[in-house]
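# Fold and geometry: a report
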Amino acid sequence: MKLQRMNRRALTLGALAVSGALALTACGSDDTGDKDGGKKSNAASKINCDGAKGQLMASGSSAQKNAIDAWVAQYRAACSDVQLNYKPDGSGAGITAFLQGQTAFAGSDSALKPEEIEKSKKVCKSSQAIDLPMVGGPIAVGYNVPGVDSLVLDAKTLADIFNDKIKTWDDKAIEKLNPDAKLPGTKIQASHRSDESGTTDNFTKYLKGAAPAAWPHEPGKSWVAKGGQSAQGSSGVAQLVKQTPGAISYMELSYAKEGIKTVDLKTGAKEPVKATVDNASKAIAESKTVGEGKDLALELNYKPTAEGAYPITLVTYEILCEKGNKKDTLATTKSFLTYIASEDGQAVLKDEGYAPIPTEINTKVRETIKGLS
């Protein structure tokens, strides 16, 4: 009994990693309320397990990994019969696994393409897959330039850097935007994701949308521009930036928390905009719903003029069938998604460096989850 209690406590305090995946076992604990003055216990007590049990498999976006970590820490305290395994192997891999019927849902930082929706009809009986926006946040541009603590860039300059046209940090285009900075002649080491990534898709959509003349490439999950280094996942590019003087890359803000400085963006507003959760929320609030029916895919604005609206944002969608979900995991899927879309679930995001989905959009998400079958 003592050993069982110690094991339960260990699960309550930390995530269990299995073979590189985020493998998290839902498990209750008598000690859940000890941390944060009972905050976790109060939140967990509001979670309705709704008959949830067994194993729930999901995969996809590495951008939402830290959010999933935080959510499962709450969810597992309430639903002791659930084992949730989320593998953060990238949006492209997540969609592929879902379309092959391997997972209950996928996480993706880009909405499904028309051809992917068509393919989903083979998995979703008498229905198709839908996009449910669940996590928002800024894509920070992290850099490592010794002696430069503050850096301003605009869309054109960023496009030229990542298109291998601006090669050193003392380039005139960068100097013009940073007249007070002591910029070194260090070679710029631009890095990008090696895997198919919704983060790459959103970053290149920004470059194409805000600086089309400077970025000739079509946006996509795979990096197509020449030059630069590459690394697997958001954690991989973040590590490259930390280790490499002169480096610059794009990553979710939650990956730039420790020791990585981030670029302020010059937009149509009077002042350069910092990559913050609140500033990302201002930009996401300007988005439009472009999905049909129950699909809630969003169209983002890459040229905001409002003060404080940070334009390089992403929205991570949970992708699943509107109808025709697997019977053995449907109750668990609805229970978990109901929690993460709830007020308590969304409240967790800000502390983890993410932006909650605006209420007007999230209300539709909650209604759609209730109707899943």
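These notes cover the structure that comes with them. Remember, it's a predicted structure, so these values are computed and weren't measured experimentally.

What counts, and at which threshold
- Residues numbered from 1 in each chain as written.
- Predicted model: local features only at pLDDT ≥ 70, side-chain atom pairs only at ≥ 80, totals over all residues.
- Heavy atoms only, no water.
- Core = buried A, V, L, I, M, F, W, Y, C linked by side-chain atoms within 4.5 Å.
- Buried < 20%, exposed > 50% of the residue type's maximum accessible area, 1.4 Å probe, protein only.
- Helix = DSSP H or I, 4+ residues; strand = E, 2+ residues; numbered from the N terminus.
- Phe/Tyr/Trp six-rings, centres within 6.5 Å; stacked < 30°, edge-to-face > 60°.
- 1 Å grid on protein atoms, 1.4 Å probe; cavity = no way out; pocket = protein on both sides within 12 Å on 5 of 7 lines; lining within 4 Å.
- Points joined across faces, edges and corners; volume = space filled by probe spheres on them.
- Nonpolar A, V, L, I, M, F, W, Y, C, P; charged D, E, K, R; others polar.
- Polar contact = N/O pair within 3.5 Å; in protein donor to acceptor, adjacent residues only side chain to side chain.
- Contact = heavy atoms within 4.5 Å.
- Axes fitted to C-alpha atoms, helices over the stretch in contact; angles between N-to-C directions.
- Parallel < 35°, antiparallel > 145°, perpendicular 65-115°, else oblique.
- Left-handed = near helix turned anticlockwise from the far one by under 90°.
- Pairing = 2+ DSSP bridges.
- Salt bridge = Lys/Arg side-chain N within 4 Å of Asp/Glu carboxyl O.

### Re the nonpolar core
L151, L158, F162, I174, I248 and I312 are the most contacted members of the largest nonpolar core, which has 70 residues in total. Those elements that place two or more of their residues in this core are helix 4 (91-99), strand 6 (129-144), helix 6 (155-162), helix 8 (198-210), helix 9 (233-243), strand 10 (247-252), helix 10 (277-284) and strand 15 (313-321). The next biggest cluster of nonpolar side chains, apart from the first, holds 35 residues, and it includes A52, A67, L320 and Y339.

### Focus: the packing of aromatic side chains
This model, assessed by the stated rule, comprises nine aromatic pairs. Where F162 meets F203, the ring centres are 5.1 Å apart and the plane angle is 75°; that geometry is what we call edge-to-face. Note that F162 is positioned in helix 6 and F203 in helix 8, a separation of 41 residues in sequence. Side by side, F162 and F203 carry an identical accessibility label, which is buried.

### Overview of the layout of surface pockets
Here the second largest pocket defines a volume of roughly 360 Å³. Forming the walls of the second largest pocket are 21 residues, and the residues nearest its centre are K65, N66, S234, S235 and Y255. Sorting the residues of the lining of the second largest pocket by element identifies helix 3 (65-78) and helix 9 as the ones contributing at least two each. Top element by residues in the lining of the second largest pocket is helix 9. It accounts for six residues. Partitioned by chemical class, the residues of the lining of the second largest pocket number four nonpolar, 10 polar and seven charged.

### Thoughts on the side chain of S91
Here S91 is to be found in helix 4. A distance of 3.0 Å separates a polar side-chain atom of S91 from the backbone nitrogen of D109. A polar contact of 3.4 Å, which involves the side chain of S91, links it to the backbone nitrogen of G198. Among residues more than four places away in sequence, those in contact with S91 are G60, S61, G107, S108, D109, E196, S197, G198 and K221.

### Thoughts on empty space enclosed by the protein
Counted under the stated rule, the structure contains two cavities of 30 Å³ or more. What the largest cavity holds in volume is close to 80 Å³. F98, G101, T103, A104, V123, C321, G324, N325, K326, T329 and T333 are the residues that line the largest cavity. A class-by-class count of the residues in the lining of the largest cavity yields four nonpolar, six polar and one charged.

### Digging into the packing of helix 11 (residues 327-341) against helix 13 (residues 359-370)
When two helices pack together, their arrangement is given by the angle between their axes and by how far apart the axes lie. In the contact formed by helix 11 and helix 13, the axes pass within 10 Å of each other and the chain directions differ by 165°. By the angle between their axes, helix 11 is roughly antiparallel relative to helix 13. The chirality of how helix 11 crosses helix 13 is left-handed. Across from K334, L337, T338 and A341 in helix 11, the residues of helix 13 making contact are N362, V365, R366, I369 and K370. Residues belonging to the contact of helix 11 with helix 13 are distributed by class as follows: four nonpolar, two polar and three charged.

### Some details on the pairing of strand 10
Of all six residues making up strand 10, six are buried, and the element is well covered by its neighbours. On strand 10, burial covers both faces: A247, S249 and M251 on one face and I248, Y250 and E252 on the other are all buried. In terms of strand pairing, strand 6 meets strand 10 through six bridges, oriented antiparallel. Paired with N144 across the two strands is A247, which belongs to strand 10. In this sheet, strand 10 lies alongside strand 8 (residues 189-193) in parallel orientation, the contact comprising two bridges. Paired with Q189 across the bridge in strand 10 is A247.

### Looking at the pattern of salt bridges
Applying the stated criterion across every chain, the model contains 11 salt bridges. Put simply, K121 and E118 hold a salt bridge, and the shortest N to O gap is 3.3 Å. Of the charged contacts, one joins K156 and D160 as a salt bridge, the two residues approaching to 2.9 Å between their closest N and O atoms. One end of the pair is K156 and the other is D160, both in helix 6 and four residues apart, which spans about a single turn. Under the relative-accessibility criterion, D160 is labelled buried at 11%.

Don't take any of this as a statement about function, it's just geometry.
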